[in-house]
Amino acid sequence: YADLVTKAAQVTSTLLLGANCLASPMVISIHTGSAVTVKNTDSMDHTISFDSSHVLHVPANSSKTLITDFLKEEGIHGYGCDSISGGVGLILVTK
């Protein structure tokens, strides 16, 4: 699993959210404590969540910056969108 995620991960600081919370790229790679710009390209608002304490609301056709200081450990972290069952994307955190 970790090998597949590592191979699929794209090094980027921008995450695009489209219709139905489709994330692009689906797996991003960042360094610990990095900021990620979440750009909602859909005509509907979306909310991404890592857990109940870390939630980011992104209005339609706009961007917000997510400070990932809560992702302190290296590894694979999933996130959800709009309470859709199951995760919609992954963030690979490296040093």
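Everything here concerns the structure above.
Residues numbered from 1 in each chain as written. Predicted model: local features only at pLDDT ≥ 70, side-chain atom pairs only at ≥ 80, totals over all residues. Heavy atoms only, no water.

K.L.:
Could you clarify how one ought to interpret the nonpolar core in this entry?
P.N.:
Inside soluble globular proteins, nonpolar side chains tend to come together where they are buried. The biggest cluster of nonpolar side chains holds 19 residues, and the ones touching the most others in it are Leu15, Val38, Ile48, Phe50, Tyr79 and Ile91. Among the elements of the structure, β2 (14-17), β4 (27-31), β5 (35-40), β6 (46-51), β7 (54-58), β9 (75-81) and β10 (89-94) are those that each provide at least two residues to this core. Among all residues touching Ile48, those that are not within four sequence positions of it are Leu17, Val38, His54, Val55, Leu56, Tyr79, Gly80 and Cys81. If you look at the next biggest cluster of nonpolar residues, it comprises 5 residues, including Val5, Ala9, Val27 and Leu92. (Core = buried A, V, L, I, M, F, W, Y, C linked by side-chain atoms within 4.5 Å. Buried < 20%, exposed > 50% of the residue type's maximum accessible area, 1.4 Å probe, protein only. Helix = DSSP H or I, 4+ residues; strand = E, 2+ residues; numbered from the N terminus. Contact = heavy atoms within 4.5 Å.)

K.L.:
Even after reading the chapter, I still don't get unusual backbone geometry, so can you show me in this structure?
P.N.:
Trans peptide bonds make up the majority, and among non-glycine residues the majority have a negative phi. Residue Ser24 is joined to Pro25 through a cis peptide bond whose omega torsion reads -10 degrees. Mapped onto the elements, Pro25 comes out in the loop between β3 (23-24) and β4. In the Ramachandran plot, Cys21 falls in the positive-phi region, its phi being about 65 degrees despite a non-glycine side chain. Accessibility expressed as a relative area gives 2% for Cys21, which makes it buried. Phi is positive for Asn61, close to 50 degrees, though the residue is something other than glycine. With respect to the helices and strands, the residue Asn61 is situated in the loop between β7 and β8 (62-67).

K.L.:
Please explain the packing of aromatic side chains as it appears in this structure.
P.N.:
Ring pairs (aromatic) are described by centroid distance and by the angle formed between their planes. Scanning all chains against the criterion turns up 2 aromatic pairs. Ring geometry for Phe50 against Phe70: centres 5.1 Å apart, planes inclined by 65 degrees, an arrangement best described as edge-to-face. Linking Phe50 in strand β6 with Phe70 in the loop between β8 and β9, this pair joins segments that are 20 residues apart in sequence. Judged by its relative accessible area of 18%, Phe50 is buried. Following the ring pairs from residue to residue traces out a cluster consisting of Phe50, Phe70 and Tyr79. (Phe/Tyr/Trp six-rings, centres within 6.5 Å; stacked < 30°, edge-to-face > 60°.)

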